[in-house]
Structure formats: C-alpha cells, structure tokens
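# An overview of the molecular structure
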Amino acid sequence: MYGYELIQEVQRLSGQAFEFNEGTLYPVLHQLERKGFLRSEWRIAENGRKRKYYSLTSKGRQQAEHEQEDWKHFTGAINLILTSAQQ
Amino acid sequence: MNGIEILIDKILAGSRLAYGANRRDVAAELRSHLEDSMNEARRAGYDDEEAERFAVAHFGSPELVSRDFARVYRLERVRFYIVAFGLLIFASIVAVAGFTYLVQRMLVTNFGLQHRLWCFSAKHLASELLLVAGIIIGYFGLFFTKRLFSRGPMPKAFVVVGIMFLLAAGLLQFWIEDCEPILAEAYICAVFISVIEMRFGHWIAKFLLIAAALTAFGTLLGALDHLTSAPEIMVTALIWTTIAVSCCGVALFTSHFDRRVLSRRFADSSV
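Predicted model, so just to flag it, every value in this text is computed and none were measured.

Conventions and cut-offs
- Residues numbered from 1 in each chain as written.
- Chains lettered and ligands numbered in written order.
- Predicted model: local features only at pLDDT ≥ 70, side-chain atom pairs only at ≥ 80, totals over all residues.
- Helix = DSSP H or I, 4+ residues; strand = E, 2+ residues; numbered from the N terminus.
- Buried ≥ 20, exposed ≤ 12 C-beta atoms within 10 Å, placed from the backbone.
- Contact = placed C-beta atoms within 7 Å.
- Pairing = 2+ DSSP bridges.
- Nonpolar A, V, L, I, M, F, W, Y, C, P; charged D, E, K, R; others polar.
- Expected span 1.5 Å × (residues − 1).
- Axes fitted to C-alpha atoms, helices over the stretch in contact; angles between N-to-C directions.
- Parallel < 35°, antiparallel > 145°, perpendicular 65-115°, else oblique.
- Left-handed = near helix turned anticlockwise from the far one by under 90°.
- Core = buried A, V, L, I, M, F, W, Y, C linked by C-beta atoms within 7 Å.
- pLDDT = per-residue confidence, 0-100.

### As for the overall build of chain B
Within chain B, the regular secondary structure consists of 10 helices and 0 strands. When the elements of chain B are put in sequence order from the N terminus, they spell out α-α-α-α-α-α-α-α-α-α. Of all 271 residues assigned to chain B, the portion counted as buried reaches 33%. The contacts in chain B between residues at least 6 apart in sequence include a share of 68% that link residues at least 24 apart.

Shown next, in the form of structure tokens:
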C-alpha cells in the first residue's frame, strides 16, 4: 500500500471516524521503516506515476500482532469497567 | 512556484534532512500524495486551483510534519554533523600547519637564520602542530558549543571548551612534554578568533583584527621566550601572522559552509 491509499483505507474501514492531518502519516511510516517494521519500494503505478509502496516485514507483523493483543487487553479492561459501572 | 511545491519546500526546510537522497525521497513521496489528493478533489468537481487548496488544507500543518520528520532523522543528522565537521577540522589543521611550515621555512632562509634550524626539529614541529591543532579545535569547539546554549552562549562555551582543554592537557602531558602552555596559548588564540568573529561584521575587519591580535600575542610570547635579535622577533611575528591569517581563512570558510550548506539541514541549535 502507498501512503494515500493507506489513509483512504483507514477512513473507509473506520466509517470515516478518523479525520487526521494526512501529512503526519509519513514521518510515522519512515520511523516504522527505520525500526525495521516496514519495508518500502518505489513502483510505477498504472497511470505512469511513481509511488512508494510499504509492506510489513516479519518483524513488523510480529509487532502488529503484539500490539493487537495489547489493544484487546486494554479495550477488554475498559469494557469490564464500563459494564461494572452500569450494573 | 505552486502551492504544493511551497508546502513541500516548507516541510523540507523544517525537516533538516542531512542527505540529499532522503530529501528527494521525502519530496517525491509527498508530491505523489498531494497529486493523488488533488485528483480526488478534481473528481469531486473542484477546478485546479480549488483542488490544490483542498490538497494543501487536508495535508495539515507543514510545521508539524517537518518537526516529526526532523525527529525521525535526528540520528542521521547528528552523524552527518560530526563527520562533516570532523573532516573540516582535519582539513583545516593540515592546511594551516602546512602553510605555516612553508612560510616558516621561507622566512628562516630569507632572514639568514639558518642557525635557528632547530625549529624544524621533530620536537619543535610537533609542538607547533599541537598549537595549530589546538587553535583550530578550540575555534570549532567554541563555534559549536555556543549553539547548545540559548542564554549567555559565549561565556558558557568559553567555560565548557576551557574545561575540555584542561582535561586534554592533563591527558596529553603523559605523551607530550610541556603541552600545557601550548594548549593554553591555543585556547587564548581560539577565544580571540571567536570573539573578533562574533563582534565584527565585515570580513576585512575580522581579518585585520585577528591578524593583529594573534601576531601581538605570539610576538609577546616569543619575546618572553628570550628572543632577542630583531630578525628573530620579526620572523616570529610573521609566523604568527601566517597562523592568524590562515586561521581567519578557516573561520571565514566555516561560516560560509555553515550558512550555505548546513543551515538548511540544521536550522536551529538543537542538533
């Protein structure tokens, strides 16, 4: 995926819930690439334009799974608190 | 220049990316994004001008983006800074020491001071090299250290670099005999050069004042070192003028290099 596509996809999947300054995505992508979580390559798109595509490395995939687990624990804990508070 | 290029320029300027390849990579990626965004706006019915405004507005604050990029590439920037100035210091020492040596050889011969050929002994040349290296390292040390402080940068830089010279003298005394007075002289010269460079704007004034200050200082030291004959004092004065003028050249080149090459990469004091 390239940066613009990534933003569109996040907005589509979230039902347009996330509105963020698009430019702030790129430093994050560069940071993740430098940490070895992403790799990038320039490709020529169908319309002849150059685009930089990002993909997860195996290290990045492991980290993503780890972060997902953390997020599930966190949201689970918040849900428990909210449910208890409602009862 | 259109709005997109202005935005990219602002981001690149604030990002302070050290390497041209990174700058080109970031610029191409942001340009590609902004063109995609403009195309989307055109499909939604905007004309070209409106589409450009749409893309720029959705991209967000260039200050925020460039600050984040600067943080990501901080380590590379520091590495570049150290390598660039390490090379500059090395080249400066070689140039000043080499030039001074040639002038010294010429003067000793022309003034008929062949009996003073001991001044080309390995020991004496080593002490002269230490003096030149000390002046240049001291000058560069002050040049960078003052940037680390926002309040009272020069006095603080004098203290920090002074302490470093004391430590260096403490360490070097095990290998080089009488290095303490040489390093003290070098430190005083570096302070002279830095103060004159900071206080005076015009390069001719800087050149003349640095040459005068260092020549007077060096000749005074020579006179205290039991130089008695007029030719000896004259040669000493001229050698110090040579050191001063070549150090002045280094200072001018450094400020030019800093302004033209590094200021785009290191726009503020926080490396």
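Picking up where we left off.
### Some thoughts on the overall build of chain A
Looking only at helices and strands, chain A has 3 helices and 2 strands in total. In chain A, the succession of α and β elements from N to C terminus is α-α-β-β-α. For chain A, the proportion of its 87 residues judged to be buried stands at 11%. In chain A, of all internal contacts separated by at least 6 residues, the share reaching a separation of at least 24 is 20%.

### Considerations on helix 4 (residues 62-72) of chain B
Among all positions in helix 4 of chain B, only Pro62(B), Val65(B), Ser66(B), Asp68(B), Phe69(B), Ala70(B) and Val72(B) are buried. The inward-facing, buried residues of helix 4 of chain B abut helix 2 (25-34) of chain A together with helix 1 (3-15), helix 2 (20-43) and helix 5 (74-110) of chain B.

### So, the pairing of strand 1 (residues 38-44) of chain A
Pairing geometry for strand 1 of chain A and strand 2 (residues 50-56) of chain A, over 7 bridges, is antiparallel. Paired with Arg43(A) across the two strands is Arg51(A), which belongs to strand 2 of chain A.

### Observations concerning the interface of chain A and chain B
Listed as interface residues are 15 residues of chain A and, on the opposing side, 16 residues of chain B. For the side of chain A that touches chain B, the elements supplying multiple residues, two or more each, are helix 1 (3-13), helix 2 and strand 2 of chain A. The greatest single-element share of the side of chain A that touches chain B, amounting to 5 residues, is contributed by helix 2 of chain A. Partitioned by chemical class, the residues of the side of chain A that touches chain B number 3 nonpolar, 6 polar and 6 charged.

### Points about helix 3 (residues 58-86) of chain A
In this model helix 3 of chain A runs 42 Å from its N-terminal to its C-terminal C-alpha over 29 residues, within 8% of the 42 Å that 1.5 Å per residue would give. Counting buried positions along helix 3 of chain A gives 0 out of 29 residues, so the element sits mostly on the surface.

### Let's talk about the packing of helix 2 of chain B against helix 3 (residues 48-59) of chain B
All names here are of chain B. In the contact formed by helix 2 and helix 3, the axes pass within 8 Å of each other and the chain directions differ by 125°. One element, helix 2, and the other, helix 3, form an angle in the oblique class. By crossing handedness, the relation of helix 2 to helix 3 is classed as right-handed. Residues Leu34, Ser37, Met38, Ala41 and Arg42 of helix 2 form the contact with helix 3, whose own contacting residues are Glu50, Ala51, Glu52, Phe54, Ala55, His58 and Phe59.

### Remarks on the nonpolar core
Membership of the largest hydrophobic core comes to 41 residues, with the highest contact counts inside it found for Ile135(B), Ile136(B), Tyr139(B), Ala190(B), Ile193(B) and Cys247(B). Core analysis: the second largest hydrophobic core is formed by 21 residues, Leu25(A), Leu30(B), Ala51(B) and Phe69(B) among them.

### Some details on unusual backbone geometry
The phi angle at Gln16(A) is positive, at roughly 60°, despite the residue not being glycine. Within the element layout of this structure, Gln16(A) appears in the loop between helix 1 and helix 2. A count of 9 C-beta atoms within 10 Å places Gln16(A) in the exposed class. For Arg16(B), which is not a glycine, the phi torsion comes out positive at approximately 55°. Along the polypeptide, Arg16(B) turns up in the loop between helix 1 and helix 2. Given 24 C-beta atoms within a 10 Å radius, Arg16(B) is considered buried.

### Describing the confidence of the model for chain B
All names here are of chain B. Within chain B, residue pLDDT values average 85, and 92% of them lie at 70 or more. Every residue in residues 267-271 scores below 50 in pLDDT, and together they form 9 contacts with partners more than four places removed in sequence or on other chains. Both scores are available for the predicted complex, with the pTM at 0.69 and the ipTM at 0.87.

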